[in-house]
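What follows is each chain in one-letter form.
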Amino acid sequence: MSQQAEHVYSDPARIAQLEALVHQLPPNGHVSLWLRDGNSCEGIVSARPTVQQFRDADGNQGINAQVRLERAGTSDWSRYVWLDDIERVEHHDSIMGSES
């Protein structure tokens, strides 16, 4: 993964929002992600994302994270989504139902 991100965050409240999203994305969880731009995508979370240090195009350092989605039964499709692009997470399995 590159150490470059379009958006990085240093505000504690925004970092807390990103960390809250991390906990909504369990490994092997089947989810739909509703994105801020109005699009959505569906897949299996390959691994729980972790917030990391990145730099934006201006060299500012801050926090962001990506989640990798895969499709069940195929190894030729995956998609990375920046957590700050996610508006809402919808779960299609019972993993989160028992944790909420």
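Residues numbered from 1 in each chain as written. Predicted model: local features only at pLDDT ≥ 70, side-chain atom pairs only at ≥ 80, totals over all residues. Heavy atoms only, no water.

### Here's the deal with the pattern of salt bridges
So, step 1. According to the stated counting rule, one finds three salt bridges in the structure shown.
So, step 2. Of the charged contacts, one joins R36 and E87 as a salt bridge, the two residues approaching to 2.8 Å between their closest N and O atoms. Within this pair, whereas R36 is found in the loop between strand 1 (30-35) and strand 2 (40-45), its partner E87 is found in strand 7 (residues 86-91), the two being separated by 51 residues in sequence.
So, step 3. Here R36 falls in the partly exposed class, since its relative accessible area comes to 46%.
So, step 4. A salt bridge links E90 to R88, with the shortest nitrogen-to-oxygen separation between them at 3.7 Å.
So, step 5. Since its relative accessible area comes to 29%, E90 is described here as partly exposed. (Salt bridge = Lys/Arg side-chain N within 4 Å of Asp/Glu carboxyl O. Helix = DSSP H or I, 4+ residues; strand = E, 2+ residues; numbered from the N terminus. Buried < 20%, exposed > 50% of the residue type's maximum accessible area, 1.4 Å probe, protein only.)

### Considerations on the environment of L18
So, step 1. Within the element layout of this structure, L18 appears in helix 1 (residues 12-23).
So, step 2. Classification of L18 by relative accessible area gives buried; the value is 0%.
So, step 3. Along the sequence, L18 and G59 sit 41 residues apart, while their C-alpha atoms lie 21 Å from each other.
So, step 4. Apart from the residues lying within four places of it in its own chain, the contact partners of L18 are Y9, V51, I63, N64, L83 and D84. (Contact = heavy atoms within 4.5 Å.)

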